[in-house]
Amino acid sequence: MKYHTMLRYIINLFFLLIFSIGVTQQDSLQLDTLKIKQKYGLRIGVDLSKQIRMVTEDYTGFSFYGDIRIKERLFIVAEAGNDNKKINNENINSSFSGNYIKAGFNYNFYNNPPGLENEIYFGFRFATSSFKSEVFNYLVYDLDKYWENGRIENYSEFKNLGANWIELILGFNAKVSKNIFMGTSIRLNRMISQKKPENFGNQFIPGFNVVTEDNKFGTGITYTISYRIPIIKK
Amino acid sequence: MNFQLYSRVILILFFFISCEPDDICLESNEDTPNLILKFVDSFSGENKSVSNLRIKGINNIEDFFVGTVDSISIPLNNYENTSSFSFTKEFESNESNEDLIYFNYTRNNVYISRSCGYKMEYDIENIIVENDNSNWIEDAIIETRTVNNEISHHVKIYH
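Model, not experiment: these values are computed from the prediction. (Residues numbered from 1 in each chain as written. Chains lettered and ligands numbered in written order. Predicted model: local features only at pLDDT ≥ 70, side-chain atom pairs only at ≥ 80, totals over all residues.)

> What am I meant to see in the sheet that holds strand E8 (residues 139–142) of chain B here?
Through backbone hydrogen bonds, the strands of a sheet pair up, either in parallel or in antiparallel fashion. Residues and elements named next belong to chain B. Overall, mixed pairing links the 4 strands, which are arranged E4-E1-E10-E8 in an open sheet. Either end of the sheet is taken by a strand with one partner, and the two such strands are strand E4 (71–74) and E8. Sheet twist, expressed as the average angle between the axes of neighbouring strands with direction ignored, equals 25 degrees. Judged from the 4 bridges that link them, strand E1 (residues 35–40) and E4 form a sheet pairing that is antiparallel. Note that in E4 the partner of Leu 37 across the bridge is Ile 72. (Pairing = 2+ DSSP bridges. Helix = DSSP H or I, 4+ residues; strand = E, 2+ residues; numbered from the N terminus. Axes fitted to C-alpha atoms, helices over the stretch in contact; angles between N-to-C directions.)

Structure below.
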């Protein structure tokens, strides 16, 4: 666990450096044209944080990102992905897998100097997830411990689970080269509803991330790299 | 507004978020219930304590209990549908008398929480006292078949 936390910090630091360099280059860029063409278009991308998690956790997954700029500051956003997470802890070895979609908008509140196309935005999403969970084995919670203890191998599967939630997002996107953007966001998730199985709990929900006890809130992070297909210029 | 400053603030917030909280199972959560036995007089049905009772799982090395009581809660084996106990009264005396007693049950796992995991609950099917021609236990009667709490006794032991 300690090792994984360390690794994640190192990866975070690595990204911090990349962004710092990228952003610095952007700021030094100067354009002297008076008429600035604002590019509108469809942007598609992937969330690289999933690939990082595949290294640091017992996890596989992917996520696609898409947005369309509809006004100068407003983007309509859709995200879709798949999460497959194993949770092995002292009590229960289990796994959670399923798909999710998120839709909403980003509002860019950053005033770009002429010619730059960076964004610092807040965003909102409505998200829904459909998933299943599995229990592989468990240790019975028994404080006496008089009998020989061991894990009970008892496979059970819980299908047709679901959850709905909203996300509040703070993030930024930096244009790193022509039509290529890199960005990151932090998310606060608030559960609206979830379908829990009969004799197990939703410890992890694809798209929502870790669900802590008696807590409607969760957090998420993304590192997105995206490509803008320039369709419209204004 | 400075883009660099803002983006760095967001990145710093990352570090706080990337620490996943761990839940801790508090001992106030009810664990797997024990089976509560009440010792009663076989004639009057009144509470009657057993002096110098030694309780031990048949294949266990350690004693579970030694003492004089009129009721006791014993843990059932979570890994099998039978718990085998040796109940010896007047332990380590000339009048020592050992009875073997078998509790047969079905087990149901019950999810408590992320941090505590599963506990076990039982449905007692029957209790068998092995006949050794000099049993001190006359009978064992199931009063509450479902063992899902430790509020009152589940079994009466007549002696």
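> Looking at this structure, how should I read the interface of chain A and chain B?
Note on interface size: it is often stated as the accessible area lost on association of the parts. Chain A puts 38 residues into the contact, and the matching count from chain B is 36 residues. The dominant element in the side of chain A that touches chain B, judged by the number of residues it contributes, is helix H1 (residues 2–28) of chain A, at 6 residues. Class assignment for the residues of the side of chain A that touches chain B results in 21 nonpolar, 12 polar and 5 charged. (Contact = placed C-beta atoms within 7 Å. Nonpolar A, V, L, I, M, F, W, Y, C, P; charged D, E, K, R; others polar.)

> Would you explain the nonpolar core in this entry?
A general feature of soluble globular proteins is that nonpolar side chains tend to end up buried together. Within the largest apolar cluster, 43 residues are counted, with the highest numbers of intra-cluster contacts made by Ile 205 of chain A together with Leu 35, Leu 37, Ile 55, Ile 74, Phe 87 and Ile 157 of chain B. Apart from the residues lying within four places of it in its own chain, the contact partners of Ile 74 of chain B are Asn 34, Leu 35, Leu 37, Ile 55, Phe 64 and Phe 85 of chain B. If you look at the next biggest cluster of nonpolar residues, it comprises 7 residues, including Ile 120, Tyr 121, Phe 172 and Phe 181 of chain A. (Core = buried A, V, L, I, M, F, W, Y, C linked by C-beta atoms within 7 Å. Buried ≥ 20, exposed ≤ 12 C-beta atoms within 10 Å, placed from the backbone.)

> So what exactly am I meant to see when it comes to the sheet that holds strand E3 (residues 65–69) of chain B here?
Residues and elements named next belong to chain B. Spatially, E3-E2-E5-E6-E7-E9 is the arrangement adopted by the 6 strands of the open sheet, whose pairing is antiparallel. Looking along the sheet, the strands with just one partner apiece sit at the ends: E3 and strand E9 (146–147). Bridge analysis of strand E5 (residues 82–89) against strand E6 (residues 97–113) gives 8 bridges, and the strand direction is antiparallel. From the neighbouring strand, Phe 87 faces E6, where its bridge partner is Asp 99.

> Would you mind showing me how to read the pairing of strand E3 (residues 74–88) of chain A here?
Put simply, side chains in a regular strand alternate between the two faces of the sheet. Residue and element names in this part refer to chain A. Of the strand pairs in this sheet, strand E2 (residues 59–69) and E3 are connected by 11 bridges, and their pairing is antiparallel. Looking at the pairing, Gly 66 lines up with Ala 78 of E3. The turn linking E2 back onto E3 is made up of 4 residues. With 15 bridges connecting them, E3 and strand E4 (residues 92–108) associate as antiparallel partners. Its bridge partner lying in E4, Ala 78 is registered against Ala 103. Following E3, the chain reverses through 3 residues before pairing antiparallel with E4.

> Would you mind going over the environment of Lys 216 of chain A with me for this structure?
Residue and element names in this part refer to chain A. Mapped onto the fold, Lys 216 is located in the loop between strand E9 (209–210) and strand E10 (217–233). A residue is classified by how many C-beta atoms lie within 10 Å of it, and Lys 216, with 12 of them, is exposed. Each C-alpha atom of the pair Lys 216 and Arg 190 lies 5.6 Å from the other, and the pair is 26 residues apart in sequence. If we skip the residues at most four places from it in the chain, Lys 216 touches Arg 190 and Met 191.

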